[in-house]
4 protein chains.
Amino acid sequence: MLKNAGGDPAISVADAVRNCDWVLSMLQNGQQVLELYGGANGVLECSPEHILCIDCSTIAPSEARAAHELAQQSGRKFIDAPVSGGTSGAELGTLSFLAGGDKALVELARPIFAAMGKKTLYAGPAGAGQSAKVCNNMLLAITMIGTSEAMALGEKLGLDSKTLTEIISSSSGRNWSLDTYNPVPGIMENVPSSKGYCGGFPTELMIKDLGLAIEASNECGANIPLGALATSLYRLWQNTGGAHLDFSSIFRLVSGVCEEQ
Amino acid sequence: MLKNAGGDPAISVADAVRNCDWVLSMLQNGQQVLELYGGANGVLECSPEHILCIDCSTIAPSEARAAHELAQQSGRKFIDAPVSGGTSGAELGTLSFLAGGDKALVELARPIFAAMGKKTLYAGPAGAGQSAKVCNNMLLAITMIGTSEAMALGEKLGLDSKTLTEIISSSSGRNWSLDTYNPVPGIMENVPSSKGYCGGFPTELMIKDLGLAIEASNECGANIPLGALATSLYRLWQNTGGAHLDFSSIFRLVSGVCEEQ
Amino acid sequence: MLKNAGGDPAISVADAVRNCDWVLSMLQNGQQVLELYGGANGVLECSPEHILCIDCSTIAPSEARAAHELAQQSGRKFIDAPVSGGTSGAELGTLSFLAGGDKALVELARPIFAAMGKKTLYAGPAGAGQSAKVCNNMLLAITMIGTSEAMALGEKLGLDSKTLTEIISSSSGRNWSLDTYNPVPGIMENVPSSKGYCGGFPTELMIKDLGLAIEASNECGANIPLGALATSLYRLWQNTGGAHLDFSSIFRLVSGVCEEQ
Amino acid sequence: MLKNAGGDPAISVADAVRNCDWVLSMLQNGQQVLELYGGANGVLECSPEHILCIDCSTIAPSEARAAHELAQQSGRKFIDAPVSGGTSGAELGTLSFLAGGDKALVELARPIFAAMGKKTLYAGPAGAGQSAKVCNNMLLAITMIGTSEAMALGEKLGLDSKTLTEIISSSSGRNWSLDTYNPVPGIMENVPSSKGYCGGFPTELMIKDLGLAIEASNECGANIPLGALATSLYRLWQNTGGAHLDFSSIFRLVSGVCEEQ
């Protein structure tokens, strides 16, 4: 597949990075990232010293900081740059990169990010990209459920959902989950809720990100009452039918229509 | 005071409405509204039959519907039109009216609303104005706490609050509480958080509105897990120092800085 | 059915109470109770003045107080005495009565309660029986979910459920939902969890009682964070398959086994 | 101090364990435990091969399993045995030990536990003692808040707190926090609530244990909605004055009396 797209697949990591100026990785968890870079025959060991390492995986801020440290110890440059924007963003080239690390390095990497996405946002020093993503996604998880509650309450009180969406969109309850990614089927075109909650960002991936938020807040002693409850609710939804649907399908759990589907 | 402003104070309700084409009321609770209109010597009894009654109080949707019914029985026209926009909105003339009742009547009343505020949003039939307000304010209560959690978590993870605000403002966690009314002191000018949480919309009024949301959801069987938890948190904050501060001061409770203040 | 059991069915309320020394009622909601007693041709109007009215319905404390007042105005004696103990308690004669009203009256009624149940607990003045029931059942709702969380967590951590039950039963987490009505199938005999969650106290009745707790706390300004969340969780479970099962089946929702059933 | 009590203080770990048949440790966190046993000049390196290691610290189940593994690799015997019962239990000799590891070993160690506490409960294989403690304490944290909510609601509804305690103690809401460690001042003698919430088990230690529950549930994918909310509430209370008070002082936060104190 990579070949068809013009890529040049490598047999081993060592092989792949030997003559590279930069490398970009995107893996499923922090352990994989730490092994890819720090492991035997890994990127740090086998790459030229001037290489720029860019990790776009979504992992814990503490794991990203550990990767930065490994890179620094071996004299390599490292950026953590998780993406925001979902599957559709990847296909449409509208991804955002939330970058953490040395600011000059991020400037250096801007053209690389620009080739793949729409925006590069500098979040701060080592791990800050991951920290910013964890904060954004926790808030997204909360506003999506909050929006679902407001819309379901409005419906039960007899309000028209389109009208309610318009009203709140121009009032203080306004948020992205309401005005751009509405969870109620039929309000907006081209969002998952109007396509049976297919595509988009699956509930189980949202749960992965919320797991990182729980872990991070537990480590640093931050208090996240709504974030923790949101996590519980997505987990309940994961176990009652929503695991593979877009996370906005939490509207079904909240509104109580899940059994009829 | 009313006289100084050019008004014409009346001795009794009966006196006040006897020759009016329309009347506008703004009271503290539903019982007061029902008494003002339906009580002995009240508006409905003493006003000319063509009068248009506009109630701008924030009361329960069910109470607003009861007021509509009383008006209908006496052959009078009624609109429920709670305002959105807080004290500053009232002073600056930027209030929004969320209007419920007969659509033609709301059109008729538009000039009256226009004289006092910026926008009139038609929400639907009798009580819909109140229902829309209850939904918006519950969502606002949630997004404010969610935003506070995300900002406090970011701070503890070492992020700069201004940078985090900018990043989330252009990402999927975007919402009014973050990009227009940021709860973290020093991020924005002219919002309560930068003025010691003075002015604005006090926590205890938010609790009043959330009480209406709890009541409405309990009556219609809607499920509001985050809304209910938000209510609990504002009540805890009310009892630990936040009653009279702007509701965005919930950031203090969430971030744990309340004891130091 | 009543006839078969030796009862004497009446054609109307008036008929039924005309020559009674006491009357006992058990209805579904407060409106029905207020109508039965205070309505036209109701108990208060048609009964002899010395009648003792005992209402065993589960209704709001405020509604019970309203019924007491109606009775007092008509010179009749009234006791609110909701029952605790579920369907099985009714069949086995092990019900408890939580009685509110004049203490001397409750003493007078003791033999009546004794004929039907095991215990009569005096809770306090008018409405106190309902208040005590609302407090007990809210706490029960919470401890049942808490117990389910602890048991499910233990299971996932590899603990044997019977062993964990024994350990907590002799430790500080001990509670009735754990040591007498365990929600995990197979731990105890003769409890709903070991009979497919059939019989017992259905989730939807627990939700009715929690609705009364929400209403009461909203009226008196009490803060019930866990009580409110428990209500949300039972409502989610009602909508995902648990409405008619015993309320201890919330263990299925919490442990995530609901989809496999 | 140890000398005065007849103990024999050692200069180093190596020194202390060189000729021991068993060693018992009680430290503050898992890292310390892993270092004590597995570190250079640690217990495993310096002790005779037949030594029995008993760790009574409260640490994460996964950390306890890691310690077991280290011991096994070095051919030493290990038991995890956190205690339950608080400071007063330690003084009065009424502690319980929740033991995990090889069953025969735990039997072997029974006399050692018996010399210090009242009960030894076998929880299961390696780490099970920690797992059982985490489950019990999370449930305790929940029932304490639930009990506080029920008692505070009852008070606001006009019930006498002693009467309500008696009623629920003989009903289905019954639990240890209510009938043995009541959080309302003046209900019971010799419990922290009647001594200004001094002594007992401080809020900040409960928060430590809840952090372990959050961590464990996050790792194994268990859903703990009430456990997570309870954690948030104790953290709020920690920041508003309750850090060093017994955890039953959460009653102050819930009932809203905290500001008056």
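All values reported here derive from a predicted model rather than from experimental measurement.

Criteria and cut-off values
Residues numbered from 1 in each chain as written. Chains lettered and ligands numbered in written order. Predicted model: local features only at pLDDT ≥ 70, side-chain atom pairs only at ≥ 80, totals over all residues. Helix = DSSP H or I, 4+ residues; strand = E, 2+ residues; numbered from the N terminus. Rg over C-alpha atoms; globule rule 2.2 N^0.38 Å. Buried ≥ 20, exposed ≤ 12 C-beta atoms within 10 Å, placed from the backbone. Contact = placed C-beta atoms within 7 Å. Axes fitted to C-alpha atoms, helices over the stretch in contact; angles between N-to-C directions. Left-handed = near helix turned anticlockwise from the far one by under 90°. Nonpolar A, V, L, I, M, F, W, Y, C, P; charged D, E, K, R; others polar. Least-squares fit on C-alpha atoms with pLDDT ≥ 70 in both. Parallel < 35°, antiparallel > 145°, perpendicular 65-115°, else oblique. Pairing = 2+ DSSP bridges. Right-handed = clockwise from strand over helix to strand, strands pointing away. Domains from an automatic or database assignment. Expected span 1.5 Å × (residues − 1).

(A) A look at the overall build of chain A. For chain A, the helix and strand inventory stands at 12 helices and six strands. In terms of overall size, chain A behaves like a compact globule, its C-alpha atoms giving a radius of gyration of 20 Å where 261 residues would be expected to give roughly 18 Å. Taken along the three principal axes of its C-alpha coordinates, chain A extends 65 × 45 × 35 Å. Per-residue burial for chain A yields a buried fraction of 57% across its 261 residues. Nonlocal contacts in chain A, meaning residues at least 24 apart in sequence, comprise 64% of its contacts between residues at least 6 apart.

(B) Structural view of the packing of helix α7 (residues 128–156) of chain C against helix α10 (residues 203–220) of chain C. Residues and elements named next belong to chain C. Put simply, α7 and α10 touch, their axes get as near as 9 Å, and they point 115° apart. Between α7 and α10 the crossing geometry is left-handed. Packed against α7, whose contacting residues are Val134, Asn137, Met138 and Ala141, the element α10 presents Met206, Asp209, Leu210, Leu212, Ala213 and Ala216 at the interface. Of the residues assigned to the contact of α7 with α10, the class counts are eight nonpolar, one polar and one charged.

(C) Examining unusual backbone geometry more closely. Even without a glycine there, the phi angle at Asn190 of chain B is positive, about 60°. Taking the C-beta count within 10 Å as the criterion, Asn190 of chain B has 8 such neighbours and is therefore assigned exposed.

(D) Representation of the relation of the copies chain D and chain C. If you rotate chain D by 180° and push it 0.0 Å along the axis, it lands on chain C with an RMSD of 0.0 Å. Each copy turns onto its partner about a two-fold axis. Minimal C-alpha separation from the rotation axis in chain D is found for Asn175 of chain D, amounting to 2.0 Å. Counting the interface residues of chain D, we find that 100% of their copies in chain C are interface residues as well, pointing to one common contact surface.

(E) Region of interest: the interface of chain A and chain B. Across the boundary between the two partners, chain A contributes 54 residues, which contact 54 residues of chain B. At 19 residues, helix α7 (residues 128–156) of chain A tops the list of elements feeding residues into the side of chain A that touches chain B. Counted by class, the side of chain A that touches chain B contains 30 nonpolar, 20 polar and four charged residues.

(F) The packing of helix α11 (residues 225–242) of chain B against helix α11 (residues 225–242) of chain C, seen in detail. For the pair α11 of chain B and α11 of chain C, interaxial distance at closest approach is 9 Å and the crossing angle is 175°. For the element pair α11 of chain B / α11 of chain C, the angle class is roughly antiparallel. The segment α11 of chain B lies against α11 of chain C, with Pro225, Ala228, Leu229 and Ser232 of chain B engaging Pro225, Ala228, Leu229 and Ser232 of chain C. Of the residues that constitute the contact of α11 of chain B with α11 of chain C, the class distribution is six nonpolar, two polar and no charged.

(G) Local environment of the environment of Asp246 of chain B. Residues and elements named next belong to chain B. In this structure, Asp246 sits in the loop between α11 and α12 (250–255). Take Asp246: there are 26 C-beta atoms within 10 Å of it, and that puts it in the buried class. Beyond its immediate stretch of four places on either side in the chain, Asp246 contacts Pro192, Tyr197, Gly199, Gly200, Phe201 and Pro202.

(H) Representation of the interface of chain D and chain C within the structure. Between chain D and chain C, the residue contacts involve 54 residues of the former and 54 residues of the latter. Of all elements in the fold, only β5 (96–100), β6 (119–124), α7 (128–156), α8 (161–169), α10 (203–220) and α11 (225–242) of chain D reach the threshold of two or more residues within the side of chain D that touches chain C. For the side of chain D that touches chain C, the leading source of residues is α7 of chain D, giving 19 residues. Split by residue class, the side of chain D that touches chain C holds 30 nonpolar, 20 polar and four charged.

(I) The pairing of strand β3 (residues 77–80) of chain D, seen in detail. All names here are of chain D. The alternating pattern of β3 places Lys77 and Ile79 and Phe78 and Asp80 on opposite faces, both of which are buried. Here strand β2 (residues 52–55) runs beside β3; their pairing, made up of four bridges, is parallel. The residue bridging Ile54 from the neighbouring strand is Ile79, located in β3. Between the parallel pair β2 and β3, the chain is carried across by helix α4 (residues 61–73), and the sense of this crossover is right-handed.

(J) Just the relation of the copies chain A and chain B, in detail. If you rotate chain A by 180° and push it 0.0 Å along the axis, it lands on chain B with an RMSD of 0.0 Å. By residue overlap, the copies meet face to face through one surface: 100% of the interface positions of chain A are interface positions in chain B.

(K) The arrangement of the domain arrangement of chain A in detail. Residue and element names in this part refer to chain A. The domain architecture assigned to chain A consists of domain 1 (13–126) and domain 2 (132–256). With centres defined by C-alpha atoms, the gap from domain 1 to domain 2 works out at 29 Å. Contact with domain 1, which involves 11 residues of that partner, is made by 12 residues of domain 2. When contributions to the side of domain 1 that touches domain 2 are tallied by element, the ones reaching two or more residues are α4 (61–73) and α5 (86–92). Top contributing element to the side of domain 1 that touches domain 2 by residue count: α5, with three residues.

(L) Examining helix α4 (residues 61–73) of chain B more closely. Residue and element names in this part refer to chain B. For α4, built from 13 residues, the straight-helix expectation of 18 Å at 1.5 Å per residue is met to within 8% by its first-to-last C-alpha distance of 18 Å. Where α4 is concerned, the buried positions are Pro61, Glu63, Ala64, Ala67, His68, Leu70 and Ala71. Positive backbone phi, approximately 75°, marks Gly75, located one or two places after α4.

(M) Summary view of the environment of Pro125 of chain C. All names here are of chain C. Secondary-structure assignment places Pro125 in the loop between β6 (119–124) and α7. Note on Pro125: 17 C-beta atoms within 10 Å, which makes it partly exposed. For Pro125 and Ala99, which are 26 residues apart along the polypeptide, the C-alpha to C-alpha distance reads 8.7 Å. Residue contacts for Pro125: discarding those within four places in its chain leaves Gly100 and Gly101.

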